[in-house]
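# Residue-level structural notes
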Amino acid sequence: MKRAFKYRFYPTSEQATELARTFGCVRKVYNMALAARTQAWARQERVNYNATSAMLTAWKKTEELAYLNEVSSVPLQQALRHLQGAFTNFFAKRAKYPRFKSKRKSRASAEYTRSAFRWKDGRLTLAKMDGPLDIVWSRPLPEGAEPSTVTVSRDAAGRWFVSLLCDDPGVKPLPAADAAVGIDVGLDHLLTLSTGEKIADPRHERRDRARLAKAQRALAKKARGDGANRGKARRRVARIYARISDRRRDLLHKLSTRLVRDNQTLVIEDLTVRTMVKNRSLARAISDAAWSEFRGLLEYKAAWYGREVIAVDRFFPSSKLCSACGALQEQMPLNVRTWTCDCGATHDRDVNAARNLLAAGLAVSVCGAGVRPQRRPPGGQSATKQKALRREL
């Protein structure tokens, strides 16, 4: 299985200059090719990768764009392939129309295939460079693995990263487990499991909110443009954001790995996070919880290790059902966190929801049919979920 291993590295001044020039050329070629394809689309003409590759050859011969010859040609060709992939996803209705790359907002990166780098004795040397990159090997590559593709990037905080795509024979299905777990997400508790375990939401963004606000105020006072002081202030803000996202990603990786290793079946709720973040009073907290990222981690790790992730319909009334007798409560006020059913069972609201999700997911797994959506309540299930989350805040 192909797997990417990402490391941080520290380039020399010459390497940083060469990579920055490459990033600029990649962005230029991508934007020019996108403009050409957009204009052709307006004329009802189709332009594919081969046509844009021929355009690139012609651009290099012009005096105005002769500087494109100063960098490796492989990242430029890869940019055209990425653009072709973006259009393929657009025509298949999997993505929106491709957008132009911005110098400030877009990710600065360049991709090198095997012909554009040298890998020898664990040292990586890119095309147009004299020496290898100073990589911090935070973890070893698989034994005997050689990268087939190398992607170099620089984030908004000025940190440099290299991603090595290798064959990883270590990714194998785990031995089958007897356990299954239902997972209910929230804001007061990031995760509530059907086993009764609750994982608190560390609220990474809130911990650094004061520092972030101070750095953003300092940035707002700097004159707009490419001045050095504004650039320093911008990087200071980016470093705080990077610190927040790194802590969040580290926690989500640890949680998802533990859940996938310990359980054969994982049941979650199919929430429309994109719609929920439109609520201004909840958008910051929901974004900080990163439910979509957590689900993505669960799904790809489950695919790696032979586990199953089941998403239960968002309209399933998991909070109103009694997990003991199955009775559906007519009303469940949002301030009720613990309630007692007529059968005598006392429930914690979140734990009960997680148990109901687990039961519904196991029914899907056994019967092979989807969970029947319940009637949409006034305002929709998303609105009800948002009100409950607001109370948690």
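Being a predicted model, the structure only gives us computed values, none of them experimental. (Residues numbered from 1 in each chain as written. Predicted model: local features only at pLDDT ≥ 70, side-chain atom pairs only at ≥ 80, totals over all residues. Heavy atoms only, no water.)

### Observations regarding the UniProt feature "domain: Probable transposase IS891/IS1136/IS1341" (unreviewed entry) in the protein chain
- Here, UniProt's "domain: Probable transposase IS891/IS1136/IS1341" (unreviewed entry) annotation points to residues 172-279.
- In the segment residues 172-279, helix accounts for 52% and strand for 18%; the C-alpha atoms at its two ends are 41 Å apart. (UniProt positions renumbered as here; feature names shortened; annotations may be inferred. Helix = DSSP H or I, 4+ residues; strand = E, 2+ residues; numbered from the N terminus.)

### Quick look at the state of the cysteines
- As enumerated under the stated definition, the model contains 0 disulfides in all.
- With no disulfide partner, Cys 322 has as its closest neighbouring cysteine sulfur the one in Cys 325, 3.6 Å distant.
- What makes Cys 322 buried here is its relative accessible area of 2%. (Disulfide = S-S within 2.5 Å. Buried < 20%, exposed > 50% of the residue type's maximum accessible area, 1.4 Å probe, protein only.)

### Points about unusual backbone geometry
- In this model, Gln 44 sits at a positive phi of 60 degrees, which is unusual for a non-glycine residue.
- If you trace the backbone, Gln 44 turns up in the loop between helix 1 (13-42) and helix 2 (49-60).
- Of note in this structure, Ala 290 is not a glycine but carries a positive phi near 55 degrees.
- Tracing the sequence through the fold places Ala 290 in the loop between helix 8 (283-289) and helix 9 (291-305).

### A few points about the pattern of salt bridges
- Within the structure shown, the criterion is met by 22 salt bridges.
- In this structure, the salt-bridge partner of Glu 205 is Arg 284, at a minimum N-O distance of 3.6 Å. In this pair, Glu 205 sits in helix 4 (residues 204-207) while Arg 284 sits in helix 8, placing the two residues 79 residues apart along the sequence.
- What makes Glu 205 buried here is its relative accessible area of 10%.
- On the basis of relative accessibility, which here comes to 48%, the residue Arg 284 falls in the partly exposed class.
- A salt bridge links Arg 243 to Asp 208; its shortest N-O distance comes to 3.4 Å. You can see Arg 243 sitting in helix 6 (residues 228-262) and its partner Asp 208 sitting in the loop between helix 4 and helix 5 (209-221), a full 35 residues away along the chain. (Salt bridge = Lys/Arg side-chain N within 4 Å of Asp/Glu carboxyl O.)

### Examining the sheet that holds strand 11 (residues 265-269)
- A sheet is described by the order of its strands in space; here 5 strands give the open sequence 10-9-8-11-12, paired in mixed fashion. Bordering the open sheet on either side are strand 10 (198-200) and strand 12 (308-312), each of which pairs with just one other strand. Recorded for the sheet is a direction-independent mean angle of 20 degrees between the axes of neighbouring strands.
- Pairing of strand 11 with strand 12 involves 5 bridges; the strand directions are parallel. Looking across to strand 12, one finds that Ile 268 is bridged to Ala 311.
- Contacts from helix 6 reach strand 8 (180-185), strand 9 (189-193), strand 10 and strand 11 within the one sheet, and its direction differs from that of strand 9 by about 5 degrees.
- Contacts from helix 9 reach strand 8, strand 9, strand 11 and strand 12 within the one sheet, and its direction differs from that of strand 12 by about 140 degrees. (Pairing = 2+ DSSP bridges. Axes fitted to C-alpha atoms, helices over the stretch in contact; angles between N-to-C directions. Contact = heavy atoms within 4.5 Å.)

### Quick look at a positive patch on the surface
- Together, Lys 214, Arg 217, Lys 221, Lys 222, Lys 232, Arg 235, Arg 236 and Arg 239 make up a positively charged patch on the protein surface.
- Of all the secondary-structure elements, those providing two or more residues to the positive patch are helix 5 and helix 6.
- Considering every element that reaches the positive patch, the biggest residue donor is helix 6, with 4 residues.
- Position of Lys 214 among the secondary structure elements: in helix 5.
- Relative accessible area serves as the criterion here: at 59%, Lys 214 is assigned to the exposed category. (Patch = residues over 30% accessible without salt bridge, like charges linked within 9 Å, V, L, I, M, F, W, Y side chains within 5 Å. Areas by Shrake-Rupley, 256 points an atom, 1.4 Å probe, with all protein chains shown as cover. Lys, Arg positive; Asp, Glu negative; His and termini not counted. Charge placed at Lys NZ, Arg CZ, Asp CG, Glu CD.)

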